[in-house]
Amino acid sequence: MTFSRPKAPRLLYIAFYFPPSRASGVYRARATANHFAAAGWDVTVLAAPLRFLYEVIGSVDEKLSETVDPRIHVERPELDLTRWESDLRSMSWLQGTLPRTAVRLHKWREERYFPEQYVSWARNCVATAVEAHNREPFDAVLSTGNPFAAFASAWEIHKATGVPYVADYRDSWTLDLFSDEPAFPPKHPAWAWEQRIIGDSSHTVFVNDALRAWHADRYPKAAERMMVVPNGWDPDLLDVGPTTGASKEDRPLRFGYLGTVTAKQPVAEMAEAFRQAREYPELLDAELNIHGHLGFFQTSHAGFLPLLGLDLNGEPDPELDHGLRLRGPVSKTEVAGVYEHNDVLVFLAAGGKYVTSGKIFEYMATGKPIVSVHAPEIAAREVLEGYPLWFTADSLEPGLVAKAMVEAGRAARALTPQQQAEARAYADRFQRDALLDPLEAAIRATVRRPLPVREVNHG
Amino acid sequence: MAEPTATRPRVVLLTLTYKLPDRVQSYISDLTGAGVRVDLLVTERRTVEDIELDEELVKVHHVFEDSEMYGYPLRWVERRVLFDVPTKVFTKTREVTRNGERMQVLDKTALKVRQGQAAVSQGVHHGLFWPVFQRARPLLLMSRARKALRGIDVAGADRIVAADSAVVPLAWRLAKRYPNIQATTALDRKPWVK
């Protein structure tokens, strides 16, 4: 008599933004899929169609695809591109004749089902998933939003097949993170959808405890099934190099901010604080390097330039200059060089008590001093409070922020390899793999059949 | 040695707004900066009146030599009936009623009627005529633009660009007629602008 070995558990992962997309949320999705594959799951990902990534968004990083575990199977259900269609020949007769009416009709049709523009993709996800499930059943479904239509498709798949699902709120949906108020009016269909999605999910995941608590308050019956998986950082994408302590070069201090500067961030406060900080001898001639875009659109940079003391070409304006330098966008492969170049990292963030920026984990991984420029009650405090080289004014008053910058500058000058190693040791607990373990265990526990013993294999 | 103008790439840029938007102006400027020739189709002559364009590289074509309004009898009649004629009538009336105390009551009444008429005319224009005309305009323009298109060598162009939604019906038909030319609504500068 022979016993066959139980088959590997099968996970269906619904993640619109997946490599080669280089959207900000893609790193969590990439790490999650890799983590489950390494933990012995047979992972199928449903992701955005490549035409959308290449032609509509145009934000791709093909090298990122090489970091996806080759055991992962990726499918890309269709997305109706009517509202984004720019190729005239691909337009239907209706859109080519009455373009506005056609788009309005298309939106009306989509919004009847789900209040989001990715609904056609979500519907195709359901069809693809049910077909694949009929060939070989899935054991669990994990969906990540945004887009939140991914949650709707997980719910539909659950209804059609009975497979348990988890909704991973990588981003906030019904809560506006900038105003801390509900993002939709009371009777908006998003509320009914969220209620059924959270109500029927086996677990709901949030990136910080403040968000978990807000949702637990709204959906108390599901509160016990809610969990927090912070964003963390990816050691395979960030080589932080050896701990060297303070720079040995005889030069002014370098402060650095990495990311897109947006109108919601306290940019004016940061610029003014840095101007004041440079009046202290420790920060004489210091510079604050901005590595990223100014605004999300090509035309949105003009409004920021005078605030930063820069002229229309992004160069320092002699009359306004107070040490801010625009260094432009950085590819993921150059990020380590940016951290190496700067002595102090500036954590400029918008929003309040529900915001944890993903970049703070990478900042901590460098083991360098971090100075905060954001609202004092921000959720990122949750992780920053244990970091030994965190400097905060607990205020956005420029004079106080300037003092925090000066203290961070002093710490950078005196930084020892030992201090840096201690800071990095704290950041190590936020390595993505470690953070994903509880999620993997929770989903494994929902599987209704015997599974092979868990063996971690990073491919 | 500079590349002869005739061999440079050429874009047929179609736009049927009344004023050339900034994004279209900057698109033309980027293309001509990279040496690309542009056949620009606009609604009226005055659409580009105050705009500096590279005369060597940009050739402007108009759907209407004069104002678009004179191209459509219905629009012209609407303007006359709702605005021009009432204005003339009331101006003449007030020339009479304004003088003399005995006419004061009539003058006040005329003013009130004038205010009421202006409100009704604006309501009819913005609430009824314009929404209908705006929807029909792209289709009307399509037939009116044929004459202007005769002056453009579309078959020899490298790209057809529809810069606004009003011109999509025209551009869509050109795209079908010339299947080998890239036809898009995106103001894409690649591959000419680095």
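Everything quoted here is computed from the prediction, not taken from an experiment.

Thresholds applied
- Residues numbered from 1 in each chain as written.
- Chains lettered and ligands numbered in written order.
- Predicted model: local features only at pLDDT ≥ 70, side-chain atom pairs only at ≥ 80, totals over all residues.
- Heavy atoms only, no water.
- Domains from an automatic or database assignment.
- Contact = heavy atoms within 4.5 Å.
- Buried area = accessible area lost by both parts, 1.4 Å probe.
- Salt bridge = Lys/Arg side-chain N within 4 Å of Asp/Glu carboxyl O.
- Polar contact = N/O pair within 3.5 Å; in protein donor to acceptor, adjacent residues only side chain to side chain.
- Nonpolar A, V, L, I, M, F, W, Y, C, P; charged D, E, K, R; others polar.
- Helix = DSSP H or I, 4+ residues; strand = E, 2+ residues; numbered from the N terminus.
- Expected span 1.5 Å × (residues − 1).
- Buried < 20%, exposed > 50% of the residue type's maximum accessible area, 1.4 Å probe, protein only.
- Pairing = 2+ DSSP bridges.
- Axes fitted to C-alpha atoms, helices over the stretch in contact; angles between N-to-C directions.
- Parallel < 35°, antiparallel > 145°, perpendicular 65-115°, else oblique.
- Left-handed = near helix turned anticlockwise from the far one by under 90°.
- UniProt positions renumbered as here; feature names shortened; annotations may be inferred.
- Patch = residues over 30% accessible without salt bridge, like charges linked within 9 Å, V, L, I, M, F, W, Y side chains within 5 Å.
- Areas by Shrake-Rupley, 256 points an atom, 1.4 Å probe, with all protein chains shown as cover.
- Lys, Arg positive; Asp, Glu negative; His and termini not counted.
- Charge placed at Lys NZ, Arg CZ, Asp CG, Glu CD.
- Phe/Tyr/Trp six-rings, centres within 6.5 Å; stacked < 30°, edge-to-face > 60°.

### Considerations on the domain arrangement of chain B
Residue and element names in this part refer to chain B.
Right, so step 1: Partitioning chain B into domains gives domain 1 (5-68 + 142-184) and domain 2 (71-135).
Right, so step 2: Contact with domain 1, which involves five residues of that partner, is made by five residues of domain 2.
Right, so step 3: Taking both sides of the interface into account, the surface hidden between domain 1 and domain 2 amounts to around 420 Å²; carbon and sulfur atoms contribute 44%.
Right, so step 4: Three residues stand out in domain 1 for area buried against domain 2, namely Tyr18, Glu68 and Arg144, and they jointly supply 84% of the buried area on that side.
Right, so step 5: Where domain 1 touches domain 2, the interface holds one salt bridge.
Right, so step 6: Glu68 serves as the salt-bridge partner of Arg75, at 3.2 Å between the closest nitrogen and oxygen.
Right, so step 7: Across the domain 1-domain 2 interface, the total number found is one residue pair in polar contact (both at pLDDT 80 or more).
Right, so step 8: Broken down by class, the residue content of the side of domain 1 that touches domain 2 amounts to two nonpolar, one polar and two charged.

### Structural notes on helix H14 (residues 398-413) of chain A
Residues and elements named next belong to chain A.
Right, so step 1: Compared with an ideal rise of 1.5 Å per residue, which puts 16 residues at 22 Å, H14 spans 22 Å between its outermost C-alpha atoms and is within 8% of the ideal.
Right, so step 2: What H14 keeps buried is the set Pro398, Gly399, Val401, Ala402, Ala404, Met405, Val406, Ala408, Gly409, Ala411 and Ala412.
Right, so step 3: On its buried face, H14 sits against strand S10 (254-258), helix H10 (267-277), strand S13 (344-348), strand S14 (370-373) and strand S15 (390-391).

### Some details on helix H1 (residues 22-33) of chain B
Residues and elements named next belong to chain B.
Right, so step 1: Taking 1.5 Å per residue as the helical rise, H1 with its twelve residues ought to reach 16 Å, and the 16 Å between its terminal C-alpha atoms agrees with that figure.
Right, so step 2: Where H1 is buried, its residues contact strand S1 (10-14), strand S2 (37-44), strand S3 (58-64) and strand S4 (159-162).
Right, so step 3: After H1 finishes, the residue Gly35 shows a positive phi value of roughly 85 degrees.

### Describing the sheet that holds S3(B)
Residue and element names in this part refer to chain B.
Right, so step 1: On the basis of which strands lie adjacent, the open sheet formed by five strands has the order S3-S2-S1-S4-S5 and parallel pairing. Every interior strand has two partners, whereas the edge strands, S3 and strand S5 (182-184), have only one. Adjacent strand axes in the sheet meet at a mean angle of 15 degrees, parallel and antiparallel pairs treated alike.
Right, so step 2: The pairing of S4 with S5 spans three bridges and is parallel. The residue bridging Ile160 from the neighbouring strand is Ala183, located in S5.
Right, so step 3: Packed onto the sheet, helix H5 (residues 168-177) meets S1, S2, S4 and S5 and runs at close to 160 degrees relative to S4.

### A word on the interface of chain B and chain A
Right, so step 1: Tallying the contact residues gives 20 residues for chain B and 15 residues for chain A.
Right, so step 2: With both sides pooled, the region where chain B packs onto chain A buries about 1400 Å², and carbon together with sulfur makes up 53% of that total.
Right, so step 3: If you sort the residues of chain B by the area they bury against chain A, B:Ser165, B:Trp172 and B:Thr185 come out on top, with a joint share of 35%.
Right, so step 4: The tally of links between chain B and chain A comes to zero salt bridges.
Right, so step 5: The tally of links between chain B and chain A comes to twelve residue pairs in polar contact (both at pLDDT 80 or more).
Right, so step 6: For the side of chain B that touches chain A, the elements supplying multiple residues, two or more each, are helix H3 (104-144), H5 and S5 of chain B.
Right, so step 7: For the side of chain B that touches chain A, the element with the most residues is H5(B), which contributes seven residues.

### Here's the deal with the packing of H10(A) against H14(A)
Helix-helix packing: each pair is described by the crossing angle between the helix axes and the interaxial distance.
Residues and elements named next belong to chain A.
Right, so step 1: One can describe the packing of H10 onto H14 by two numbers: an axis separation of 8 Å at closest approach and a directional angle of 60 degrees. Between H10 and H14, the crossing angle belongs to the class labelled oblique. The two elements H10 and H14 meet at a crossing, and its hand is right-handed. Counted together, Glu269, Met270, Glu272, Ala273, Phe274, Gln276 and Ala277 of H10 and Pro398, Gly399, Val401, Ala402, Met405 and Val406 of H14 form the full contact between these two elements.
Right, so step 2: Of the residues contributing to the contact of H10 with H14, the split by class is nine nonpolar, two polar and two charged.

### Observations regarding the UniProt feature "domain: Glycosyltransferase subfamily 4-like N-terminal" (unreviewed entry) in chain A
Right, so step 1: As recorded in UniProt, the sites labelled "domain: Glycosyltransferase subfamily 4-like N-terminal" (unreviewed entry) are residues 28-232 of chain A.
Right, so step 2: Structurally, residues 28-232 of chain A is divided into 46% helix and 15% strand, and its ends, taken at the C-alpha atoms, are 8 Å apart.

### With respect to the side chain of B:Asp107
Right, so step 1: Inspection of the secondary structure puts B:Asp107 in helix H3.
Right, so step 2: Setting aside residues up to four positions removed in sequence, B:Asp107 forms contacts with B:Arg94, B:Thr97 and B:Arg98.

### Re the domain arrangement of chain A
All names here are of chain A.
Right, so step 1: One can read the domain layout of chain A as domain 1 (10-79 + 118-232 + 432-446) and domain 2 (254-428).
Right, so step 2: Placing a centre on the C-alpha atoms of domain 1 and another on those of domain 2 gives a separation of 31 Å.
Right, so step 3: Each side of the interface is counted separately: domain 1 has 16 residues, and domain 2 has 15 residues.
Right, so step 4: Here domain 1 meets domain 2 over a buried area of about 1300 Å², counting both sides, of which 63% is carbon and sulfur.
Right, so step 5: For the pair domain 1 and domain 2, the interface holds zero salt bridges.
Right, so step 6: Viewed at the interface, domain 2 and domain 1 are joined by three residue pairs in polar contact (both at pLDDT 80 or more).
Right, so step 7: Element by element, the count of residues in the side of domain 1 that touches domain 2 is highest for helix H9 (residues 209-218), at four residues.
Right, so step 8: Looking at side-chain class alone, the side of domain 1 that touches domain 2 contains nine nonpolar, three polar and four charged residues.

### Description of a positive patch on the surface
Right, so step 1: A grouping of A:Arg100, A:Arg104, A:Lys107 and B:Arg135 is seen on the molecular surface, where their side chains present a positively charged patch.
Right, so step 2: With three residues, the single largest contributor to the positive patch is helix H5 (residues 99-113) of chain A.
Right, so step 3: Examined against the element boundaries, B:Arg135 turns out to sit in helix H3.

### Describing the pattern of salt bridges
Residue and element names in this part refer to chain A.
Right, so step 1: In the structure shown here, the tally under the stated rule is 33 salt bridges over all chains.
Right, so step 2: Asp209 is paired through a salt bridge with Arg212; the nearest N and O atoms lie 2.7 Å apart. Of this pair, Asp209 and Arg212 both sit in helix H9, three residues apart, which is roughly one turn of that helix.
Right, so step 3: Classification of Asp209 as partly exposed rests on a relative accessible area of 34%.
Right, so step 4: Counted as one network, the salt bridges with shared partners bring together Arg30, Asp234, Asp236 and Arg432.

### Looking at the sheet that holds strand S1 (residues 10-15) of chain A
Residue and element names in this part refer to chain A.
Right, so step 1: Read from one edge to the other, the open sheet built from seven strands follows the order S3-S2-S1-S4-S5-S8-S9, with strand pairing classed as parallel. The open sheet terminates on both sides in strands that have one partner only, identified here as strand S3 (73-75) and strand S9 (226-228). Going across the sheet, the axis of each strand differs from the next one's by a mean of 20 degrees, ignoring polarity.
Right, so step 2: Contacting S1, strand S4 (140-145) and strand S5 (165-169), helix H7 (residues 149-161) runs over the sheet at an angle of about 160 degrees to S4.

### Points about the packing of aromatic side chains
All names here are of chain A.
Right, so step 1: Under the definition given, this model contains 25 aromatic pairs over all chains.
Right, so step 2: With centroids separated by 5.0 Å and ring planes inclined at 35 degrees, the aromatic side chains of Tyr169 and Phe206 adopt a geometry described as tilted. In this pair, Tyr169 is assigned in strand S5 and Phe206 in strand S8 (residues 203-206), connecting sequence segments 37 residues apart. Summarising the burial analysis for this pair, Tyr169 and Phe206 share the class buried.
Right, so step 3: Ring centres of Phe361 and Phe430 lie 5.4 Å apart, and the angle between their planes is 55 degrees; on these two criteria the pair is classed as tilted. Placement of Phe361 in helix H12 (residues 359-365) and of Phe430 in the loop between helix H15 (417-428) and helix H16 (432-446) is noted, with a sequence separation of 69 residues between them.
Right, so step 4: Take Phe361: its relative accessible area is 0%, and that puts it in the buried class.

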